[in-house]
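Notes for the structure review
Given next are the chains, with one letter for each unit.
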Amino acid sequence: MATENKSRHPKLRIIPRLDIKGGNLVKGIHLEGLRVLGEPSRFARHYYEEGADELLYIDIVASLYGRNSLLDIIERTAREVFIPITVGGGLRSIDDIGNALRAGADKIAINTAAVLRPEFIREASQKFGASTIVLSIEAMKLPDGTYEAYTDNGREKTGFDACQWAVRGVELGAGEVLITSVDREGTGLGFDLELSRRIAESVPVPVIAGGGAASVEHVKEAALCAHVQAVAVASMLHYPFVRRSNESDGLSNSLENRFERTATISSKFRDIGLSTLKRQLAEDGILCRQVPVAEAVLQ
Amino acid sequence: MTAGNGRPVAIVDYGLGNLHNVGRACEAVGLATKITSSPEEVRCSAAAILPGVGAFGDAISTLNASGLSQALRELVDSGKPLFGICLGFQLLMTESSEFGHHRGLDIIAGTVTGLNAPRDDEGPLKVPHVGWNRIWKTNPYAMSDSRPQTLLDPIADGEYMYFVHSFVVVPSQANTIVSTTHYGDVEFCSSARRGNVFGCQYHPERSGVEGLKMYAQLARSLQQ
């Protein structure tokens, strides 16, 4: 019995995704129509304490430098959050990557710079190690059922087939692939399982699926039907956290209230915290790391 | 708190990998560190941490050419703690077969070899092995006075740590293995110890509170 338990390894990593703009955590739909949700390090700390397996920071306006820039936020987060941090958005040179690692990033997600010059993946991988380089692909479904890779938050076509691009990127040295469905992103309709499965079957390295998660069921599907190794989740965690924080703060004219007046989308995202999500996954046989909440802060 | 007669712990910088988060983890437990590429500073430090992400061949060439290999051996010979992490753990071994054949630091007897086609009930597993996995202590119940202390003493059996690797160490002496980890049907050595030298395949600085406890244990050992 004990031996049997030992040989089971965790099947799924849950990675809160934090989209950053102007020093704030933001969230949109289809990577557009952004709303400000709050101060990112508050969310980061909360997710760390709740048992997040990693964090993913994406700067959606690619502002690497200066006050309240992405690197500034990473620097602060890395002092209080001791899990892997992946950083993406606007990193275009070896120096940019070096600076992000120095600020506290563990891995770097590359999209546009790799599309513009695929050899950049090889150079970055040789310099920093394959495990540091995550190929980020934003994909949209075409009428013929294939998927095209996009850049700039789903605005610019690349002409690349998403699966072929994933394969090529891994051959060039990417150690992981983050596949985001632009069609599903922010909608709460669940992951694009077909897209995620095709990518996961195409490459030998771990795949992170993103875009669309709103429930435990969605996350389960990603593991069981798409066979990905990790999921990036945002709205599903952010909205309940904003709601709960506002309740405990007793704010009447809070961000969430303003938000509720202008949108109904957040009601899709049921009130489930990260620790509950992971416990339910484990109960359904998808082993993931569990963290007793009280122990998450070093005494 | 400054350990070891006011001397900081050297974080060995040989141009590969992310040293900064190792420094931040030390800072979080009050351990004074200095990131250095100077063999002299390594020799004079209270202890050394050898981190690293990347290729074995490049790493050992740089360590040898810079005199850091020699400095690390002298540090170990003088009885001070050396802590190897991930690639830094693999570098402690006698040799590696990663992309060719390379001699290592030979501080712990053993080899480094590729994660060999791991699979589970559902089929082949992804390589690199990325993510959290559990460490199972070898002989965890042998708590006698003669049992040597290790950085794993504060860590519960079966605790989760964060791994990112395609290669594994195979110590030639079983008694140097402190913990093992299972990835599908492959069981590999996830922590090893020889005298004052400790190494682990996972990243304690990225393994949450449990990982930080290992740095705190290093700080405690330097105060004794």
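So, a few notes on the structure that sits alongside this text. The structure presented is a predicted model; accordingly, all values stated were derived computationally and were not measured.

1. Some remarks on the overall build of chain A
Counting secondary structure elements, chain A contains 12 helices and 12 strands. Classification of the 299 residues of chain A by burial places 61% in the buried group. Contacts spanning at least 24 positions in sequence make up 67% of the contacts within chain A whose residues lie at least 6 apart. When the accessible surface of chain A is summed, it comes to about 11,700 Å², and 49% of that surface belongs to carbon and sulfur atoms.

2. Side note on helix H12 (residues 274–283) of chain A
Residues that lie three or four places apart on an α-helix share one face, since the helix turns once every 3.6 residues. Residue and element names in this part refer to chain A. Taken together, the buried positions of H12 are occupied by Leu274, Ser275, Leu277, Lys278 and Leu281. Seen end-on, H12 carries its buried residues on one side only, within an arc spanning 160 degrees. Immediately downstream of H12, the backbone of Gly285 shows phi near 90 degrees, a positive value.

3. Considering the interface of chain A and chain B
With 45 residues of chain A at the interface, the matching set in chain B holds 35 residues. When chain A packs against chain B, close to 3,200 Å² is buried across both sides, 56% of that on carbon and sulfur atoms. The interface formed by chain A and chain B contains 4 salt bridges. Measuring nitrogen to oxygen at the nearest pair gives 2.3 Å for the salt bridge that ties Lys11 of chain A to Asp120 of chain B. Where the side of chain A that touches chain B is concerned, the elements lending two or more residues are helix H3 (70–78), helix H4 (94–103) and helix H6 (119–128) of chain A. Per-element accounting of the side of chain A that touches chain B gives the leading share, 3 residues, to H4 of chain A.

4. Points about unusual backbone geometry
Residue and element names in this part refer to chain B. Here Val127 and Pro128 are connected by a cis peptide whose omega angle stands at 5 degrees. Phi angles above zero are rare outside glycine, and Cys86 is one such case at about 60 degrees. Looking at the element boundaries, Cys86 is found in the loop between strand S4 (82–85) and helix H5 (87–90). A residue is classified by how much of its surface remains accessible, and Cys86, at 6% relative accessible area, is buried.

5. Re the state of the cysteines
Enumeration over the complete set of coordinates arrives at 0 disulfides over all chains. There is no disulfide at Cys86 of chain B, and the cysteine sulfur nearest it, in Cys200 of chain B, is 8.6 Å away.

6. Focus on the side chain of His129 of chain B
Residue and element names in this part refer to chain B. By the element assignment, His129 lies in strand S10 (residues 129–137). A polar atom in the side chain of His129 sits 3.3 Å from the side chain of Asn133. Reaching out from His129, the side chain makes a polar contact with the side chain of His165 at a distance of 2.9 Å.

7. Re the pairing of strand S11 (residues 159–165) of chain B
Residue and element names in this part refer to chain B. Among the 7 residues of S11, 7 are classified as buried, and the element is accordingly described as predominantly covered. Residues Glu159, Met161, Phe163 and His165 of S11 are buried on one face, and the alternating residues Tyr160, Tyr162 and Val164, pointing to the opposite face, are buried as well. When S10 meets S11, the two strands line up antiparallel, connected through 7 bridges. By the bridge assignment, Asn133 is partnered in S11 with Met161.

8. With respect to helix H8 (residues 193–202) of chain A
All names here are of chain A. Taken together, the buried positions of H8 are occupied by Leu195, Ser196, Ile199 and Ala200. Each buried residue of H8 lies within a common arc of 125 degrees when the element is viewed along its axis, so the set occupies one face. Taken together, the buried residues of H8 touch strand S7 (133–141), strand S8 (147–151), helix H7 (162–172), strand S10 (176–181) and strand S11 (207–210). Residue Asp192 occupies the N-cap position of H8, its side-chain oxygen lying 3.3 Å from the main-chain nitrogen of Glu194.

9. Regarding the pairing of strand S5 (residues 85–88) of chain A
Residue and element names in this part refer to chain A. Residue alternation in S5 divides its side chains into two sets, Ile85 and Val87 and Thr86 and Gly88, and both sets are buried. Where strand S4 (residues 55–59) and S5 come together, 4 bridges link them in parallel fashion. Within S5, the residue paired with Leu55 across the bridge is Ile85. Pairing geometry for S5 and strand S6 (residues 107–110), over 3 bridges, is parallel. Bridged to Val87 within S6 is Ile108. In this fold, S5 hands off to H4, which returns the chain to S6; that crossover is right-handed.

10. Details of the packing of aromatic side chains
All names here are of chain A. Evaluation of the coordinates by the stated rule reveals 9 aromatic pairs over all chains. Consider the rings of Tyr47 and Phe241, whose centres lie 6.2 Å apart with planes at 55 degrees: the pair is tilted. Taken as a pair, Tyr47 in helix H2 (residues 40–50) and Phe241 in helix H10 (residues 235–249) lie far apart in primary sequence, 194 residues in all. For the pair Tyr47 and Phe241, a shared accessibility class is recorded, and that class is buried.

11. Section: the environment of Thr158 of chain A
Residue and element names in this part refer to chain A. Structurally, the position occupied by Thr158 is in strand S9 (residues 156–161). Sequence spacing of Thr158 and Glu148 is 10 residues, and the spatial spacing of their C-alpha atoms is 7.3 Å. Once residues within four sequence positions are removed from consideration, Thr158 is found in contact with Val115, Glu148, Ala149, Tyr150 and Thr151. Here the side chain of Thr158 touches Ala149 through a polar contact of 2.6 Å, landing on its backbone oxygen. Of the polar contacts made by the side chain of Thr158, one reaches the backbone nitrogen of Phe160; its length is 2.9 Å.

Conventions adopted
- Residues numbered from 1 in each chain as written.
- Chains lettered and ligands numbered in written order.
- Predicted model: local features only at pLDDT ≥ 70, side-chain atom pairs only at ≥ 80, totals over all residues.
- Heavy atoms only, no water.
- Helix = DSSP H or I, 4+ residues; strand = E, 2+ residues; numbered from the N terminus.
- Buried < 20%, exposed > 50% of the residue type's maximum accessible area, 1.4 Å probe, protein only.
- Contact = heavy atoms within 4.5 Å.
- Areas by Shrake-Rupley, 256 points an atom, 1.4 Å probe, with all protein chains shown as cover.
- Arc of directions from axis to C-beta.
- Buried area = accessible area lost by both parts, 1.4 Å probe.
- Salt bridge = Lys/Arg side-chain N within 4 Å of Asp/Glu carboxyl O.
- Disulfide = S-S within 2.5 Å.
- Polar contact = N/O pair within 3.5 Å; in protein donor to acceptor, adjacent residues only side chain to side chain.
- Pairing = 2+ DSSP bridges.
- Right-handed = clockwise from strand over helix to strand, strands pointing away.
- Phe/Tyr/Trp six-rings, centres within 6.5 Å; stacked < 30°, edge-to-face > 60°.

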